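Understanding the architecture of this molecule
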Amino acid sequence: MGFFEMTKTALKTVLSRPVTILYPYQPAKKTSLTRGHVVQDGSKCISCSICVKKCPSQAILLNKEAKTWQIDRFRCVVCNSCVDTCPTRCLSMDTQYTAPASVQGVEVFTITYVKPPKPEKKEETKE
Amino acid sequence: MTKQIIVPFGPQHPVLPEPIHLDLVLEDERVVDAIPSIGYIHRGFEKLVEKREFTEYVYIAERTCGICSFIHGATYCQGIEQIMNIEVPERADYLRTIWSEYSRLHSHLLWLGCFADSFGFENLFMAAWRIRERILDVFEQTTGGRVIQGSCKIGGVRRDIANDKLTGMSRDLDSIQKEIEELTTVFLNDDTVRHRTRNIGVLSRDDAYHLGAVGPTARGSGVAIDLRKTGYGAYDRLNVPVITDSCGDCYSRCYVRCKELFTSIDLIQQAITEIPDGPIDVKVTGSPNGEYFMRAEQPRGELVHYLKGNGTKFLVRSRIRTPTLTNIPPLVKMLQGCELADVPVIVLSIDPCISCTER
């Protein structure tokens, strides 16, 4: 049987600063591993579409003709699956969370990667 | 005979974190019977297994629950590994155990907060959640996610924890333990708390056994069942004490969970000292062909993942039976004969996780 068991904790709370932060006015706590949002580097993407297949929420769409890579931020569950499987490491995880949005839309990235020409040596040896 | 009236409780109720509906049959202020109904938050995860590759389903299995997400993912992975006869590296086993126990800490602290809230002790609720925040910080530092960790995969784990980080975590746990000691003293000794929980919602040992209670609900009634004793993961190499209490009331269930916090801290400390160096994953080839019942101990009790594959990349069947589902019949039993004002406390005392239950 006890009374005033809470006194120590209550006093400590009164004397210390609040533990909560006013996000988004103050930045959220982040670590180097924090999964914020996926970023794509168009200069490295080889349009292999592995990320499209590996996405569990089907948030990624790749258009090989138009050379675009698009992601639906509302579908993306930030699981890191695409980043782990990308063969050229063109996808990376940013630690910043995406800002809240009221309209659903897709974010489109343009692929600027140009396939390097085949080395001429091989043709010479064939001949 | 007094006239019977039916009072609906939920799905929207200030004390309920998630929607469950109970029709309470009352005679004056006394509850005679309770008729539960679920189905407000069904998401169809079990059907989704036919449309996603078994390697990607880990992410979906994890999202079954927002509190014990890691254990769901790990149980699914262990089930697939058993079907495919994959030997997981020892370090991965230990890492899974460490994260599982952190999940338990996080879940129990969350529950203690919600429980304090259910009998109107708001200050205690915030004190519990303040400690929980430190556990979530550890999750974010080691896996990248606060609630959904995403660090488990078939054949091992996706992220390693560096050894110096493990030592840091161990030191951090010492200070967390001190804070938890202060917190649990209030829950176990304070007169206000005791007044609202002692001899409320009593579930006898026989009832707990026959109605299929699991986890702290069963252990609070004196049934010593703990799936960690079966030795999955690295639990066979650690010393797991089973905490039971004999009274079977809300206080006993609270007592079991308070003591389990210290068990979890102790298990993490044991795992950190024993963890071997080595690889964290093995390469997985082929597809699962066969079926397996994987059982694991969640913070709320026994979790069952039934998995069946036919040799293709898509599983044929996945069945998830969560502890809350089996704890609903004991809950109905507890509610019979209680006062209407005690219903929130009793409902919260089984730690209901309705999202889990309805998958």
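Now for a description of the structure that goes with this document. (Residues numbered from 1 in each chain as written. Chains lettered and ligands numbered in written order. Predicted model: local features only at pLDDT ≥ 70, side-chain atom pairs only at ≥ 80, totals over all residues.)

Things to note about the overall build of chain A
Going by this rule: Numbering goes from the N terminus for both helices and strands, where a helix is a DSSP run of H or I of at least four residues and a strand is a run of E of at least two. When we talk radius of gyration, it's over C-alpha atoms, and the globule rule is simply 2.2 Å times the number of residues to the 0.38. Exposed residues have 12 or fewer other C-beta atoms within 10 Å of their own C-beta, buried residues have 20 or more, and partly exposed residues fall in between, where C-beta atoms are placed from the backbone.
The helix and strand tally for chain A stands at 4 helices and 5 strands. Shown N-terminal to C-terminal, the secondary structure of chain A runs as helices and strands in the order α-β-α-β-β-α-β-β-α. The C-alpha atoms of chain A give a radius of gyration of 24 Å, which is well past the 14 Å a tight globule of 127 residues would have. Once the C-alpha set of chain A is aligned to its principal axes, its extents read approximately 95 × 35 × 30 Å. Counting the 127 residues in chain A, one finds 18% classified as buried.

Some words on the pairing of strand 8 (residues 315-321) of chain B
All names here are of chain B. Operational definition: In this description, strands pair whenever DSSP reports at least two bridges between them.
Alignment of strand 7 (residues 301-310) against strand 8, held across 6 bridges, turns out to be antiparallel. Bridging across to strand 8, Lys308 finds its partner in Arg317. Hairpin connection of strand 7 to strand 8: 4 residues between the antiparallel strands, including Gly311 at a positive phi of 90 degrees.

What to know about the packing of helix 4 (residues 90-118) of chain B against helix 5 (residues 122-143) of chain B
Residues and elements named next belong to chain B. Threshold: In this analysis, axes come from line fits to C-alpha atoms, helices being fitted only over the stretch in contact, and the angle between any two N-to-C directions falls in the range 0 to 180 degrees. Angles are sorted into four bins: roughly parallel if under 35 degrees, roughly antiparallel if over 145, roughly perpendicular if 65 to 115, and oblique for all others. Crossings are assigned a handedness: left-handed for a near helix turned anticlockwise from the far helix by less than a right angle, right-handed for a clockwise turn. Any pair of residues counts as being in contact when their C-beta atoms, constructed from backbone geometry, are within 7 Å of one another. Side-chain classes follow a simple rule in which Ala, Val, Leu, Ile, Met, Phe, Trp, Tyr, Cys and Pro form the nonpolar group, Asp, Glu, Lys and Arg form the charged group, and the remainder, Gly included, forms the polar group.
The contact between helix 4 and helix 5 brings their axes to 8 Å, and the two run at 165 degrees. Considering their axes alone, helix 4 and helix 5 lie roughly antiparallel with respect to each other. Two packed elements cross with a definite hand, and for helix 4 against helix 5 that hand is left-handed. Between helix 4, through Tyr102, Leu105, His106, Leu109, Leu110, Leu112, Gly113, Ala116 and Asp117, and helix 5, the contact on the second element is made entirely by Glu122, Leu124, Phe125, Ala128, Trp129, Ile131, Arg132, Ile135, Leu136, Val138 and Phe139. Here the contact of helix 4 with helix 5 is built from residues that sort into 15 nonpolar, 2 polar and 3 charged.

Topic: the packing of helix 3 (residues 69-84) of chain B against helix 4 of chain B
Residue and element names in this part refer to chain B. Interaxial distance between helix 3 and helix 4 falls to 8 Å at its minimum, and their mutual angle equals 145 degrees. As for how helix 3 packs across helix 4, the hand of that crossing is left-handed. Residues Phe70, Ile71 and Ala74 of helix 3 touch helix 4, and the partners they reach there are Arg96, Trp99, Ser100 and Ser103. Taken together, the residues that form the contact of helix 3 with helix 4 break down as 4 nonpolar, 2 polar and 1 charged.

Concerning the interface of chain A and chain B
Facing 20 residues of chain A, the contacting portion of chain B comprises 22 residues. Of all the elements in the fold, those that place two or more residues in the side of chain A that touches chain B are helix 1 (7-15) and helix 3 (81-85) of chain A. In terms of residue count, the dominant contributor to the side of chain A that touches chain B is helix 1 of chain A (3 residues). Within the side of chain A that touches chain B, the residues separate by chemical class into 9 nonpolar, 6 polar and 5 charged.

Observations regarding the pairing of strand 1 (residues 37-40) of chain A
Residues and elements named next belong to chain A. Side chains of strand 1 alternate between two faces, with Val38 and Gln40 buried and His37 and Val39 left unburied. Taken together, the 4 bridges between strand 1 and strand 4 (residues 91-94) define a ladder with antiparallel strand orientation. Bridge pairing in strand 4 links Val39 to Ser92.

Some points on the nonpolar core
Test applied: The term nonpolar core refers to a group of buried residues, namely Ala, Val, Leu, Ile, Met, Phe, Trp, Tyr and Cys, whose C-beta atoms join them within 7 Å.
In terms of nonpolar packing, the biggest core is built from 103 residues, with B:Tyr57, B:Val58, B:Leu95, B:Tyr102, B:Leu335 and B:Ile346 touching the most fellow members. Looking at which element gives the most residues to this core, the answer is helix 4 of chain B, with 13 residues. Ignoring any residue separated from it by four or fewer positions in sequence, one finds B:Val58 in contact with B:Gly73, B:Tyr76, B:Cys77, B:Cys152, B:Lys153 and B:Ile154. Of all hydrophobic cores here, the second largest spans 13 residues; its members include A:Ile71, A:Cys86, A:Leu91 and A:Ile111.

Focus on the environment of A:Lys30
All names here are of chain A. With respect to the helices, strands and loops of the structure, Lys30 is situated in the loop between helix 1 and strand 1. Here Lys30 falls in the exposed class, since 12 other C-beta atoms lie within 10 Å of it. For the pair formed by Lys30 and Leu91, sequence separation is 61 residues and the distance between their alpha carbons is 20 Å.

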